[in-house]
Structure formats: C-alpha cells, structure tokens
Amino acid sequence: PLASPSSWWTFFRYNASRLPDWDSLWYIACRDLPSTCRSTRVVNGLSLLLFVASVAVVWWLKRRREPNFRRWTLVFPIVVLFLLTSKVYSPQYGLWLLPLFALVLPNPWAFAAFSITDLAMFLTRFRFFGTVEHHSWGWPQWWFEAAVLARAAVLVWCLVLWVRRRSEPVPGEIDASGELASAEPIPDPPGPGADGSGEPAARASPRLLAGPLRRPSLAALAVVASLTLTGGYVLKARCLDQPWDGRQWTTDCYNDIQVVYSLRGIADDRSFPPRDLEYPAGTVFYVGAAAQLTRSARGFFQANAVGILATGIATTVLLGAMAPSRSRVLLFAIGPPLFLYAFQNWDVLAVALTIAGLSAAVRRRYGLAGAAVGLGAAVKLFPLLALPAVLLVALREERPARPALGRALAGFGSVLVAVNALLFAISPESWRVFWTFQTDRFPNPETSWFMVARHLEGMFPSPAWSASYVRFANAASLALLAAVGLVACWAFLRRRDRPAFALAFVLFAAAMLTSKVFSPQYMLWLLPFFVLLAFPWYAYVAYVFADVAVLVSVNGYFTTIAVGGDWPHSLAILEVFTWLRYAVLLWLVFLALRLRDPPVVAADPVGTDAVARRSPSRLLHSEPGSG
C-alpha cells in the first residue's frame, strides 16, 4: 500500500463492485428474487451482515453445548460460513476446507459428501457455460444450480456436525493444564451389566452391526433415498421426447426401460405378456402391466420409475432397521442413483426382495423369507443365490432345524415355480425368450470371457468358433459357480462364527466373477452387504471405483466404435479396468470369508461366565444382556 496505494486498492474495489459469482447462493437469489439484489452495495452489506450474524450464532450454539471447546477450531465454521454467505465463490475455494476437514472435522462421510457435491458443481458449471455459448453439449442451468444448492446443504450439515461433535485434542497441542494432549481415547470405565447382575457389559465388536435405528432416522433415510432416486429419474426423463435413432447407445440417454419400450416392441405390441423380452417371468409380468397401463414412452418410463422408487425406499428402510450405522445405510441410499442414472434397470426390484427375505429370516419367518427370495429370483435370477444364506440362518437358529428349512424351501419353490408356470401357461414363447437369449448370447465386453475370447480369436479363425466358445462359456461358468458355491456353503457350515449374510455376499460375488453376462447395474447386488457386514470403508471405495471405471470405459468403447475411432485402444483400456474389477471382487470375497461374529459374554446355567459365538442374525434382535 505504501509503494502503490492504487494498485493495492484494486483488489478491494474490484470485489466490491463485481456482481455475484455463478457459483454463489447470491446469484441464485438475485436471479429468482431480483428485489433482494437492488444493487451490489445491498448485496455486499447483506452478505457481511449474514456472515457476522451466522458466525455469532454458531459460536453461541457451540459454546452452549461445549463451554470449553477449543477456540481455534472456530476456523472451520468461519470458513464454511464465509463460503455460504459470500457473493464471490470460485471452484478452487474447496481447497480451503481440505486441511480443516483433517484437523477439525475428520468425518469421512462429511468429507465425501462435500467432495461429491463440489465435483458435481464443478462439472455442471462448465457444461452450463456450454449452454450459454449455444453449444450442443451444454447442460441446463438448473442442473448447475441444483449442484450449488446441494453443496450448500452439505456445508450446513457439516456445521451441524461440528456443533454436535466434542472437540478432540490434536497430538502435540498444549491443553489448559500445560500438558501435551494425547490423541489416544480414554477408555470408558466398566459399568454394571444391562441385566442388573453387576457384571461388566460385553463391549460390542466393530465387526458387528446390530440393533434397529430410531424411526426419525428411518424417515430421514427414506427421504434421502427418495431424493437421490428422483434425481436419477429426472436425468433420464429429459431424453424421452427424443425419437430413438440409435445415438442413445453412446449417450447418457440410454437406459434399459427406454430400450424395452423402443426396441422390444412395447410401443407397437400391446399383447400381454409382451413378446421378445429377454428377462425372467417376474420382470415380464411387471413390464407388461406397466405397458397395459400406459400408452406413451413417458408414461411407461414413469410407471416403471414408481416401482423402482418404492422398492429403493423400502430397501433403504429395511437396511436401516437391520443395521445401526446410519452412515453405512447411506452407502446404499446414495449409491444406486450413481448407476441407475445411466442404466435404469429392474435389478433394484430384485435387490429389495432379497433384503426383504433376509430380514424375514432373522425374524424367524422362514416361509416368508423363502417366498420373498423366490419372487426375487422370478424377477432376476441372482436372488436365488441368497437362499443358502436364509437356510443357514434357519439351521443356526432353530432346534430342530428341519421344519424351518422345509418352510423356507417350500416358500421359495412355490413362488418361483408359480410365477414361471403362469407365464409358460399364458405364452410358452415369451417364457422361452429369456433362456434362449441368455444361452445364445456372446459374452459381454466387460467380462473375462470376452477378454479371453479376444485373445483367442486369432488362433481359431473358423466362423463356427464363436458358437462353440459360447457353449463352452455357458458350461464352464455354471460349473465354476457351482464349485465355488459348494465350497463356500461347506466353509460356512463348518465354521459357525462366520456371519450368515456373508455367505450371500460370497455367492453373489462368485456369480459376478464367473458369469459371461455383466451389466453396470449388477453392482447393486453387493451394495446392501456393505451395510449388513462390517467391511472396511476402503473396500467400498475400491468396489465403487472399479465399477465406475468399467462403466466409463465400456461406454467409451461403444462410443469409439460408433464414431469409427481407435476402438482397439479403447478396448485395451476397458480390459485393464475389467481385470481390475475382477481383482477387487476376489479381494472382497477374501475379506468376507475373514469376517467373524464377535464373542458375546453370557451367563451359563451354573452361573459362570462363558463365551458364546452367535450369528449376526441372532444378535440383530437380541436384547441387551439377554445372553
């Protein structure tokens, strides 16, 4: 300021006179409420007033909740509130919060939510600028503004977390007594047992998730699932007015529901059940009912979306009732739309029925559990792999187990056979389509079978080689799955301390490893088990990263073929990520086999303490201290 006062003052003069940035809440407010922004001076004054007032309110709330909180941690809410109230906001401002998350709010879920919404804002921002410049690749402005509002909501949530969180010492920090603070937590002293015996209560193992959430938490989870699934629907619904011309295969307008309507004859054939649907009987009935109720592409899409939304919410609530960790349930509540937005599919219906069957099993309603899994297998085949887990729960929980096993098998078989028999009786041709289509189809590009065929094709130039390879892949994939399934069932029967739900996870993963068919929505199969089983957080991150990498690379491969580009290079990239996903799935199977039920302290009839190992299905509904 002494050498050049005018240059020094330029920064302040420029920012005082500039209009609100696109990324700020003030831009949205000024666009939708122009009376609020009569001039930049009004905006400057209001933003300063809101900033000072909000900092004072947050400081007062924190001091009221924790009078002796570490004052230096105020830097986190101050920065957050500045970002929320300032009219100036650039994408790189997210860097300001990175060290503060590590020092003040080391909550991985809050950091992940902020990172995702900030990235969404970054992507939609520049796509929206394409619309401003009248480019065809531009995105609507409301997408960008929705991302800005979502990021603001996450920042407000971070403020709530900071206020509610008790301050933790940083290693090397000098506390009030002049001593170095320790980062090690002080263990709680043992207290009386919940049964009033005076014995110390058993400490819950971090590997076990048990106990229902409170109803407000379930309601919050349902709201989150509704918003995210609705967002996935909105992203796809904008494409429905576009005539199908083949370009949808290489854009985000592609989804299975639209393909079924446009390419599988739903738009032209009003017969029931629909013809030429390469899906199991349950899905054929579901799609046929939606087609009979609607007479347009948009109506058909909406009817299917209602079912997907309802079952997605139901699955989230069921998982919330079975697991105590709200953050783990959010993995499922938020996860599916990341994939459904591109490949909206009926797998979520089968997932809901699978989780309903497992939930019924832990409540000892084995007939209902078998029926739910059987109906799921009628919609998509993979839920039948959950049946061994239901039987394992019955085998461990019931003495004698034979009636429970019989009820589960009867419920499963009766429903599965009834749905298939009904379709076969109405239209044998419609029933056969699924089996013939799956038997004759060549392996998907994102499978190991396709990659092996790619390298073997030059060795077998005969035109009949492809058909022979398909038959070999059919037999080999079924044999491998059967072998892995038998070994897994034997391992879980031999060791009673393995969680019963882990068996279903292993079998699902084995199907994904051995099948010649793989679609991006298959990742939904394993998502619920990251809630029900105590996998480490980095396992979930690795799984999602590998699947997203394959999703992006396979779409890039198809796009390259469509435009006549260098498809061998795109295929090589796809192969790298395909094998990476297989490696991650094998690692997850290894982790699942290592999971153990924790020991639970129980009193034996003589009065001495004994250590009993019980499955998560029993402990899900054990009363504290019941032994």
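Note that this is a predicted model, so its numbers are computed, not measured.

1. Focus: the overall build of the protein chain
Secondary structure summary: the protein chain contains 24 helices and 2 strands in total. Burial statistics for the protein chain: of 627 residues in total, 47% are counted as buried. Surface summary for the protein chain: the accessible area is close to 31100 Å², and the carbon and sulfur share equals 67%.

2. Side note on a nonpolar patch on the surface
A surface patch of nonpolar side chains, amounting to about 680 Å² of accessible area, comprises Trp109, Val156, Trp157, Val160, Trp537, Tyr538 and Val541. Put simply, the parts of the chain that give the nonpolar patch at least two residues each are α7 (141-164) and α22 (537-563). Take valine 541: it is sitting in helix α22. Judged by relative accessible area, valine 541 falls into the partly exposed class, the value being 43%.

3. Some details on helix α10 (residues 281-293)
Spanning 13 residues, α10 covers 19 Å between terminal C-alpha atoms, matching the ideal 18 Å at 1.5 Å per step. Those residues of α10 that sit buried are Ala281, Gly282, Thr283, Val284, Phe285, Val287, Gly288, Ala290 and Ala291.

4. Digging into the side chain of aspartate 118
Inspection of the secondary structure assignment puts aspartate 118 in helix α6 (residues 108-132). Dropping the residues within four chain positions of it, aspartate 118 is found in contact with Tyr89, Pro91, Gly94 and Arg151.

5. Some points on the side chain of lysine 62
Looking at the element boundaries, lysine 62 is found in helix α3 (residues 40-65). Here tryptophan 162 takes part through its backbone oxygen, which lies 2.9 Å from a polar atom of the side chain of lysine 62.

6. So, the pattern of salt bridges
With the rule as written, the count across this model stands at 8 salt bridges. Here lysine 62 ties to glutamate 66 by a salt bridge, and the two come within 3.2 Å at their closest N and O atoms. With relative accessibility at 8%, the residue glutamate 66 sits in the buried group. The salt bridge involving arginine 364 is made with glutamate 397; its shortest N-O contact spans 3.9 Å.

7. Overview of α22
In an α-helix, one turn spans 3.6 residues, which is why side chains three or four residues apart end up on the same side. Over its 27 residues, α22 extends 39 Å from the first C-alpha to the last, a length consistent with the 39 Å expected when each residue adds 1.5 Å. Phi turns positive, to about 75 degrees, at glycine 564, one or two residues after α22.

8. Here we look at unusual backbone geometry
Even without glycine at this site, arginine 364 takes up a positive phi of about 65 degrees. The topology assignment puts arginine 364 in the loop between α13 (347-362) and α14 (366-379).

9. What about the packing of helix α15 (residues 387-397) against helix α19 (residues 465-494)?
For the pair α15 and α19, interaxial distance at closest approach is 11 Å and the crossing angle is 20 degrees. Between α15 and α19, the angle is such that the two are roughly parallel. Read as a crossing pair, α15 and α19 show a hand that is right-handed. Contact with α15, carried on its side by Pro388, Leu392, Leu395 and Arg396, involves Cys489, Phe492 and Leu493 of α19 and no other residues of that element. Tallied by class, residues from the contact of α15 with α19 come to 6 nonpolar, no polar and 1 charged.

10. Quick look at the packing of aromatic side chains
Tallied over the full model, the rule gives 32 aromatic pairs. When the centroid spacing of 6.4 Å and the interplanar angle of 65 degrees are considered together, the rings of phenylalanine 508 and tryptophan 525 count as edge-to-face. Here phenylalanine 508 is found in helix α20 (residues 500-514), whereas its partner tryptophan 525 is found in the loop between α20 and α21 (529-532), with 17 residues between them in sequence. Comparing phenylalanine 508 with tryptophan 525 shows no difference in burial state: the two are buried. Judged by centre distance (5.6 Å) and plane angle (40 degrees), the ring pair of tyrosine 557 and phenylalanine 558 falls under tilted. By relative accessible area, phenylalanine 558 is classed as partly exposed at 36%. Site record: aromatic cluster; members linked through ring pairs are Phe382, Phe505, Phe508, Phe518, Tyr522, Trp525, Phe529, Phe530, Phe535, Tyr540 and Tyr543. Lying over the aromatic face of tryptophan 162, lysine 62 brings its terminal NZ or CZ to 5.0 Å of the ring centre.

11. Quick look at the packing of α13 against α14
The N-to-C vectors of α13 and α14 enclose an angle of 165 degrees; their axes lie 7 Å apart at closest approach. Here α14 runs roughly antiparallel to α13, going by the angle between their axes. The crossing of α13 and α14 is left-handed. Contacts from Leu349, Ala350, Leu353, Ala356, Gly357, Ala360 and Ala361 in α13 reach Tyr366, Leu368, Ala369, Ala372, Val373, Leu375, Gly376 and Val379 in α14.

12. Here's the deal with the confidence of the model for the protein chain
When pLDDT is averaged along the protein chain, the result is 77, and 76% of the positions lie at 70 or above. Segment residues 174-216 is flagged for pLDDT under 50; beyond a separation of four residues in sequence, or across chains, it makes 63 contacts in the model.

13. Some words on the environment of leucine 585
Residue placement: leucine 585 occurs in helix α23 (residues 567-594). Counting along the chain gives 39 residues from leucine 585 to alanine 546, while the straight-line C-alpha distance between them is 9.3 Å. With residues up to four places along the chain from it excluded, the contact list for leucine 585 reads Met512, Leu513, Leu526 and Tyr543.

14. Let's talk about the environment of tryptophan 567
By the element assignment, tryptophan 567 lies in helix α23. Owing to a relative accessible area of 41%, tryptophan 567 belongs among the partly exposed residues under this scheme. Once you skip the residues sitting within four places of it in the chain, tryptophan 567 turns out to touch Tyr557, Thr560 and Ile561.

Conventions and cut-offs
Residues numbered from 1 in each chain as written. Predicted model: local features only at pLDDT ≥ 70, side-chain atom pairs only at ≥ 80, totals over all residues. Heavy atoms only, no water. Helix = DSSP H or I, 4+ residues; strand = E, 2+ residues; numbered from the N terminus. Buried < 20%, exposed > 50% of the residue type's maximum accessible area, 1.4 Å probe, protein only. Areas by Shrake-Rupley, 256 points an atom, 1.4 Å probe, with all protein chains shown as cover. Patch = residues over 30% accessible without salt bridge, like charges linked within 9 Å, V, L, I, M, F, W, Y side chains within 5 Å. Salt bridge = Lys/Arg side-chain N within 4 Å of Asp/Glu carboxyl O. Expected span 1.5 Å × (residues − 1). Contact = heavy atoms within 4.5 Å. Polar contact = N/O pair within 3.5 Å; in protein donor to acceptor, adjacent residues only side chain to side chain. Axes fitted to C-alpha atoms, helices over the stretch in contact; angles between N-to-C directions. Parallel < 35°, antiparallel > 145°, perpendicular 65-115°, else oblique. Left-handed = near helix turned anticlockwise from the far one by under 90°. Nonpolar A, V, L, I, M, F, W, Y, C, P; charged D, E, K, R; others polar. Phe/Tyr/Trp six-rings, centres within 6.5 Å; stacked < 30°, edge-to-face > 60°. Lys NZ or Arg CZ within 6 Å of the ring centre and 35° of its normal. pLDDT = per-residue confidence, 0-100.

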